[in-house]
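So you can see what is in the structure, the chains are spelled out below.
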Amino acid sequence: MKRLQNRIAESKSTLTVSFAYGLGVWLLGGLVTQNLWLHFGAFIITAFLMFYLNNSLALLRVRSRMVSCAYIVLTCCASQLFSSQESAIASMCLAIALIFLFHTYQDHQAVGKIYYAFLFIGLASVFFAKILWLVPLIWMLTATNMQSLNFRTLACSLLGLLTPYWFIMPWLVMQDNYSWLLSHLSQLVTFAPAFDYSGTAIGLVVVLLFITIVNTLGIIHILRVGYEDKTRIRLTFGFLSILSVAGILFLIVQPQYYDPMMRLIIVLSSPVIAHYMTLTSSRITNILFFVITVLAVVIAIFNLWMPSFNF
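Residues numbered from 1 in each chain as written. Predicted model: local features only at pLDDT ≥ 70, side-chain atom pairs only at ≥ 80, totals over all residues. Heavy atoms only, no water.

As for the overall build of the chain
So, step 1. When helices and strands are counted, the chain shows 13 helices and 0 strands.
So, step 2. When the helices and strands of the chain are placed in sequence order, the string is α-α-α-α-α-α-α-α-α-α-α-α-α.
So, step 3. Here the chain has a C-alpha radius of gyration of 19 Å; the compact-globule value for 311 residues is 19 Å, and the two agree.
So, step 4. Its C-alpha atoms give the chain principal-axis dimensions of about 60 × 45 × 35 Å.
So, step 5. Split into buried and exposed, the 311 residues of the chain put 52% on the buried side.
So, step 6. Taking as baseline every contact in the chain between residues at least 6 positions apart, the subset at least 24 positions apart corresponds to 80%. (Helix = DSSP H or I, 4+ residues; strand = E, 2+ residues; numbered from the N terminus. Rg over C-alpha atoms; globule rule 2.2 N^0.38 Å. Buried < 20%, exposed > 50% of the residue type's maximum accessible area, 1.4 Å probe, protein only. Contact = heavy atoms within 4.5 Å.)

Thoughts on the nonpolar core
So, step 1. If you look at the biggest cluster of nonpolar residues, it comprises 95 residues, and the most contacted ones within it are Phe-102, Phe-118, Phe-210, Phe-239 and Met-262.
So, step 2. Sequence-distant contacts of Phe-210, that is, excluding residues within four places in its chain, are made with Leu-74, Cys-77, Ile-292, Leu-295, Ala-296 and Ile-299.
So, step 3. Counting residues in hydrophobic clusters, the runner-up holds 5 residues, among them Val-126, Tyr-165, Ile-168 and Leu-172. (Core = buried A, V, L, I, M, F, W, Y, C linked by side-chain atoms within 4.5 Å.)

Some remarks on the packing of helix α10 (residues 202-225) against helix α13 (residues 283-305)
So, step 1. Taken N-terminus to C-terminus, the directions of α10 and α13 make an angle of 165°; their axes are 10 Å apart at the nearest point. Classified by the angle their axes make, α10 and α13 are roughly antiparallel. The two elements α10 and α13 cross, and the hand of that crossing is left-handed. Contacts between α10 and α13 involve Gly-203, Leu-204, Val-206, Val-207, Phe-210 and Val-214 on the former and, on the latter, Ile-292, Leu-295, Ala-296, Ile-299, Phe-302 and Asn-303.
So, step 2. Split into classes, the residues belonging to the contact of α10 with α13 amount to 10 nonpolar, 2 polar and no charged. (Axes fitted to C-alpha atoms, helices over the stretch in contact; angles between N-to-C directions. Parallel < 35°, antiparallel > 145°, perpendicular 65-115°, else oblique. Left-handed = near helix turned anticlockwise from the far one by under 90°. Nonpolar A, V, L, I, M, F, W, Y, C, P; charged D, E, K, R; others polar.)

Comments concerning a nonpolar patch on the surface
So, step 1. Nonpolar side chains collect at one region of the surface, where Leu-159, Leu-162, Trp-166 and Phe-167 lie side by side and expose about 460 Å² of accessible area between them.
So, step 2. When you line up the elements, Leu-162 lands in helix α8 (residues 151-175).
So, step 3. Residue Leu-162 is classed as partly exposed on the basis of its relative accessible area, which comes to 43%. (Patch = residues over 30% accessible without salt bridge, like charges linked within 9 Å, V, L, I, M, F, W, Y side chains within 5 Å. Areas by Shrake-Rupley, 256 points an atom, 1.4 Å probe, with all protein chains shown as cover. Salt bridge = Lys/Arg side-chain N within 4 Å of Asp/Glu carboxyl O.)

A closer look at the pattern of salt bridges
So, step 1. This model, assessed by the stated rule, comprises 2 salt bridges.
So, step 2. Linking Arg-61 and Glu-228 is a salt bridge whose minimum nitrogen-to-oxygen distance equals 3.2 Å. Taken together, the residues span a long stretch of sequence, with Arg-61 in the loop between α3 (37-57) and α4 (66-77) and Glu-228 in the loop between α10 and α11 (231-253) at a distance of 167 residues.
So, step 3. Here Arg-61 falls in the partly exposed class, since its relative accessible area comes to 39%.
So, step 4. For Glu-228, a relative accessible area of 41% puts it in the partly exposed group.
So, step 5. Between Arg-61 and Asp-229 there is a salt bridge, with the nearest N and O atoms lying 2.6 Å from each other. Residue Arg-61 is found in the loop between α3 and α4, and its partner Asp-229 is found in the loop between α10 and α11; the two are separated by 168 residues along the sequence.
So, step 6. One network of salt bridges, with partners in common, ties together Arg-61, Glu-228 and Asp-229.

What about the environment of Ile-72?
So, step 1. Here Ile-72 shows up in helix α4.
So, step 2. Exposure remark for Ile-72: the relative accessible area of 3% places this residue in the buried category.
So, step 3. The spatial distance from the C-alpha of Ile-72 to the C-alpha of Ile-168 is 32 Å, given a sequence separation of 96 residues.

Some details on the state of the cysteines
So, step 1. According to the stated counting rule, one finds 0 disulfides in the structure shown.
So, step 2. Here Cys-93 is not disulfide-linked; the sulfur of Cys-156 is the nearest cysteine sulfur, at 19 Å. (Disulfide = S-S within 2.5 Å.)

Considering the side chain of Thr-280
So, step 1. Mapped onto the fold, Thr-280 is located in the loop between α12 (258-279) and α13.
So, step 2. Since its relative accessible area comes to 6%, Thr-280 is described here as buried.
So, step 3. Here the side chain of Thr-280 touches Gln-5 through a polar contact of 2.7 Å, side chain to side chain.
So, step 4. Among the polar contacts made by the side chain of Thr-280, one reaches the main-chain carbonyl oxygen of Tyr-276 at a distance of 2.6 Å.
So, step 5. The residues touching Thr-280, leaving out its near neighbours within four places in the chain, are Gln-5, Asn-6, His-221, His-275 and Thr-285. (Polar contact = N/O pair within 3.5 Å; in protein donor to acceptor, adjacent residues only side chain to side chain.)

Structure (C-alpha cells):
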C-alpha cells in the first residue's frame, strides 16, 4: 500500500520543492551577502550529478528524485559549510568519480572509466588531501563490489590519481614554489588530536549525529530487503554504505576536518537515505519520514540562527 511518504517520494514536484527550499536556505546563509555564487554553482551541479547517478543506474526501482532531494536537504542542514569553495569542489569531484566507478560493474576492460574516476578523486585530493586515505578502501570495493579491478585498471587508477599533480607541477616549477606540494602531501601524515571537538559548532555535531542515525537506518533497511534489488544495485549500495561509514568514523575521530569530510559524507549517504525514504511503506516508516524531514528543517534553522554556538 502506498502511503503519503511514497507519494511524496515519487512525486515529480518533490525535487522542485526541495530546490526552492535549498535556494531559500542558501539565500539566508549568505548566497548574495557573502557572494557565494561559485559555491552555490558547485552545489547545484552536485545535485544534478546525484540525479544523474540515480537515473542512470535505476537505484531506487521506482521513478523518484529522492537522491537529489536528500542531498539538497542534508547539505542545507549545515549552512556553515556553504562558504568553503574547496569542500564544494571536492564533493562534486567525488560525485563524478562515483558515476564513473558504478558504470564499471563487471567490466574488466573499463580502463577509461577507472582512469576518469580516479582522476576526479585525485582532483578532489588537491582540495582535500586526506580523501586519499579512502583510496585503498575504494580499490577494495571496486574489486569486490564492482568486480572491475585488475592489474590494468589498477595501473589506470594510479595514473588517474597522479594526473592532476602532473598538471600542477609545471606551474610550481614556473613559480619556483616546490614547498606547496610537500606541505600539501604532508597533510596525509599529519593529524589533529583525536576526538577534539573544541571550537566545533554544536549545530554541526548535531548534523553529524543526525546523518549518522538516518544513514544507519538506511543501511539496516538495505541489509533487510536488499534481496529485492538487482545484484548490481545491492552491491552499489554496499559500496556506498561501507564508504559512508568509513567517512563518518574518520570524522568522529578527527572533527577538525568537519568541513570537507561532511560534504563527502553527504554525497555518500544521500542515495542510502533516499533508498530508505522511498522504498519503505509501513506506518512507522511513514511517521519517521515526516519526523526526519521536520528534524532536518529544524536543524537547518538552528544552524542559520546560531551558526557559531560552540562547545
